[in-house]
Amino acid sequence: MIERLTAGTFAASVPGLAVVLCDAVAGGASVGFLAGLDRAEAECWWLGRAGAVEDGTLVVWAAREDGRIQGTVSLAYAEKANARHRAEVSKLAVLRAQRGRGLGRRLLETAEDAAAATGVSLMMLDTETGSAAETLYRTAGWQRYGIVPDYAADPAGVPRDCSFYFKRVGAAPPR
């Protein structure tokens with residue numbers, strides 16, 4: 001079951017979100033953290049998003065099985081008036097033990113559907129070039145529009161190229 005976390009359910013979900021984040025980093029996913037990320041640090045990072053969840057500029061979903069979080073995805077809405085037609089997908093992560101079962105794709109589709117339902121017509125994301133995530137995005141209809149060399153360090157601290165993607169969803173914005 002994939003559920004949208006509300007301001008009321010977010011804090012209670014932080015420990016499970018931290019487990020998923022730590023597992024992603026331990027598995028080599030380039031999601032903004034270096035190797036050695038521990039649960040306390042991951043929980044602190046997630047708790048730092050509480051204000052954005054509360055004000056609606058960040059939407060977080062959790063995929064649960066038997067009450068445990070197995071994966072997550074976030075959607076960050078643009079705050080600037082001239083950018084309210086777009087949103088950014090971030091922190092799409094699935095526990096390594098759950099990968100290969102379509103959960104990542106279902107999480108991504110959940111974010112896409114929610115964005116379109118709220119009037120977003122353009123979605124953006126970035127991911128490490130050559131990663132398994134890049135394959136998911138391409139097969140889900142996302143279009144790569146560029147690669148920046150050495151954009152971010154992987155969990156081992158090695159600078160890696162980053163691919164930037166976009167996808168049109170919902171109705172086109174008025175011109």
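Residues numbered from 1 in each chain as written. Predicted model: local features only at pLDDT ≥ 70, side-chain atom pairs only at ≥ 80, totals over all residues. Heavy atoms only, no water.

S.K.: Sorry, what's going on with the overall build of the protein here?
M.R.: A count of helical and extended segments in the protein gives five helices and seven strands. Listing every helix and strand of the protein by position from the N terminus yields β-α-α-α-β-β-β-α-β-α-β-β. Expected size for 175 residues packed as a compact globule is a radius of gyration near 16 Å; at 16 Å, the protein falls within 12% of this value. For the protein, the spread of C-alpha atoms along the three principal axes comes to 45 × 40 × 30 Å. Going through the 175 residues of the protein one by one, you find that 41% of them count as buried. Pairs at least 24 apart in sequence give 58% of the contacts found in the protein among residues at least 6 apart. (Helix = DSSP H or I, 4+ residues; strand = E, 2+ residues; numbered from the N terminus. Rg over C-alpha atoms; globule rule 2.2 N^0.38 Å. Buried < 20%, exposed > 50% of the residue type's maximum accessible area, 1.4 Å probe, protein only. Contact = heavy atoms within 4.5 Å.)

S.K.: Mind showing me how you'd approach unusual backbone geometry here?
M.R.: The general pattern is negative phi for most residues beyond glycine and trans for most peptide bonds. One non-glycine residue, Asp 66, lies in the positive phi region at around 55°. Mapped onto the fold, Asp 66 is located in the loop between strand S2 (58-65) and strand S3 (68-77). The exposure class assigned to Asp 66 is exposed, which follows from its relative accessible area of 76%. Not every positive phi belongs to a glycine, and Asp 150 is a case in point at roughly 50°. Relative to the helices and strands, Asp 150 is located in strand S6 (residues 143-153).

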